[in-house]
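# Structural overview for review
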Amino acid sequence: MSKSSATLALERRRDELTPHIVQLSPHAWLSVAEDVSNVGMIVGKDGIILIDTGMIPDCAHRTLEKFREIAPAGTLPIKAIIYTHGHGDHTGGSPVFCAGADRPEIWARDNFGAEAAPFEHAGLMPLFKARGAMQGGFQLPPDMRICNGIAPIRYPRAGGAVFSGKTGAVMPDHFFSGDSTSLTIAGVELWLFATPGETDDALSVWFPEEKVLFCGDNLYRSFPNVYPVRGTGKRDIPIWCQSLRLMESLEADVLAPGHTDPFQGRELVHEVLTRYRESLEYVQERTIEGMNAGKTPDELAAEIRLPGNLARLDYLKEYYGNVAWTVRNIFNQYVGWFDGNPLHLYSDFTPREEALHILAMAGGTGSLYRKAKTALEQKDAPWAARLAEHLLVLNPDKKEFLLLRAEALEALAETMLTATGRNFTLSTAQKLREKAQKK
Ligand SMILES: [Zn+2]
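A brief structural summary. Because the structure is a prediction, the values reported are computed rather than measured.

## Regarding the overall build of the protein
The helix and strand inventory of the protein stands at 17 helices and 13 strands. On C-alpha atoms alone, the protein measures out to a radius of gyration of 23 Å, which is about the 22 Å that the 2.2 N^0.38 rule sets for 439 residues. Structurally, the protein occupies a C-alpha span of about 80 × 50 × 45 Å along its principal axes. Taking all 439 residues of the protein together, the buried fraction comes to 55%. Partitioning the contacts of the protein with sequence separation of at least 6, the portion at a separation of at least 24 is 70%. Counting every atom, the protein has about 19,000 Å² of accessible surface; 53% of that belongs to carbon and sulfur. Averaging the locations of the 47 positively and 55 negatively charged side chains of the protein gives two centres separated by 7 Å.

Right under this line is the structure:
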């Protein structure tokens, strides 16, 4: 089977995500793609400051080794670590950086961990972790994962614990509240700005003397991840756009994201921040318009696409965030689950009953199975997957049906650029195959 354009694009992205160090300015560096997240370093007169830590201890060791070639350990201890937000892929490497004699201050916003907190409160961490592992594709063989859209493939030992910054990380001991604060560490003046966006606890680190802005996950080389398929609470687009405006106003020469390569050059940085914000505003505005026109999330998700001038930009392609999921999320945030179709107000019409009707129309199980097979042969993977679902609702353990749905989902995944959706789909197919094997 020849590779789809989505697969080829993810392979190209994977090749960009090889570990490398980028010098951002005379005293700032960024370790890109060594770990799941980037790690920044600013070298001051008597110490260094790290921005985020990556996630995986082995990767953190390698990052530290590379940084120590630039900033020797004996003379330049780690004075501070700043967490841009509470996701575990930015905090999990911290024990490695805190293991020596250095006693770094660890800075974060005072609402650090805000995204995971409601899940923890509600007792939903098992679901959060299970879906997180599926979107990360942790159980998939490496050739199936390709890359994570904005991050290279790494296998955390505690699979699935990516999204709670409290797992295996050294907790922050210095917090700031309000809009901003200024610090002087190792003789370096830094500003921390509250920039809620991808997460509510997000901050940006501004190094004014060399005009470098570390923006965490409020921007990376992909359409923004307004809705991760593992599930999330509100990711508010107007607030995210406000933060992007604040970031624009700093007129940075270098923009260092939490994932993927930095952007260098004042004009480019300005352009990228502007286009990024415009992409979010566009999707928000089109969705609100459509909602007021009485359209359903299904209709809007199928209809809304970025305009050509934004869609052609590589840093706005849907490697990680996805426009259709964003549309659905906007609808859901404002209106909740009811999409306006009155049939969905009646929970007693179950998938089983629908399947029985479909089966009768198709002329029985054998005929429905053949139709699904034909759809698959004709490259109509979504329809094949849907028909296989009907067959499985009525016969949840039948090997042929499990394998048919797995095959249809794999064909569907091949067409998906957004890595997390692709991983989730392939992980579901893998579970079906495992179940079929036991039959
Ligand atoms: Zn991240």
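## Concerning a nonpolar patch on the surface
Side chains of Trp337, Leu345 and Tyr346 sit close together on the surface and give an oily, nonpolar patch of about 410 Å² of accessible area. Of note, leucine 345 is situated in the loop between α12 (323-335) and α13 (351-362). For leucine 345, a relative accessible area of 47% gives the class partly exposed.

## Things to note about helix α17 (residues 419-437)
Here α17 is 19 residues long and its end C-alpha atoms lie 26 Å apart, about the 27 Å a rise of 1.5 Å per residue gives. Along α17, the residues that are buried comprise Ala419, Thr420, Gly421, Arg422, Asn423, Thr425, Leu426, Ser427, Thr428, Ala429, Leu432 and Ala436. Considering only its buried residues, α17 is in contact with α1 (5-16), α6 (125-136), α7 (142-145), α12, α15 (381-394) and α16 (399-414).

## Looking at the side chain of aspartate 52
Its place among the elements puts aspartate 52 in the loop between β4 (48-51) and α2 (57-70). Buried aspartate 52, no salt bridge; nearest opposite-charge side chain is arginine 109, N-O distance 12 Å. Among the polar contacts listed, one links the side chain of aspartate 52 to the side chain of histidine 90, at a separation of 2.9 Å. Once residues lying within four places of it in the same chain are set aside, the contact partners of aspartate 52 are Asn38, Val39, Ile82, Tyr83, Thr84, His85 and His90.

Analysis parameters
Residues numbered from 1 in each chain as written. Predicted model: local features only at pLDDT ≥ 70, side-chain atom pairs only at ≥ 80, totals over all residues. Heavy atoms only, no water. Helix = DSSP H or I, 4+ residues; strand = E, 2+ residues; numbered from the N terminus. Rg over C-alpha atoms; globule rule 2.2 N^0.38 Å. Buried < 20%, exposed > 50% of the residue type's maximum accessible area, 1.4 Å probe, protein only. Contact = heavy atoms within 4.5 Å. Areas by Shrake-Rupley, 256 points an atom, 1.4 Å probe, with all protein chains shown as cover. Lys, Arg positive; Asp, Glu negative; His and termini not counted. Charge placed at Lys NZ, Arg CZ, Asp CG, Glu CD. Patch = residues over 30% accessible without salt bridge, like charges linked within 9 Å, V, L, I, M, F, W, Y side chains within 5 Å. Salt bridge = Lys/Arg side-chain N within 4 Å of Asp/Glu carboxyl O. Expected span 1.5 Å × (residues − 1). Polar contact = N/O pair within 3.5 Å; in protein donor to acceptor, adjacent residues only side chain to side chain.

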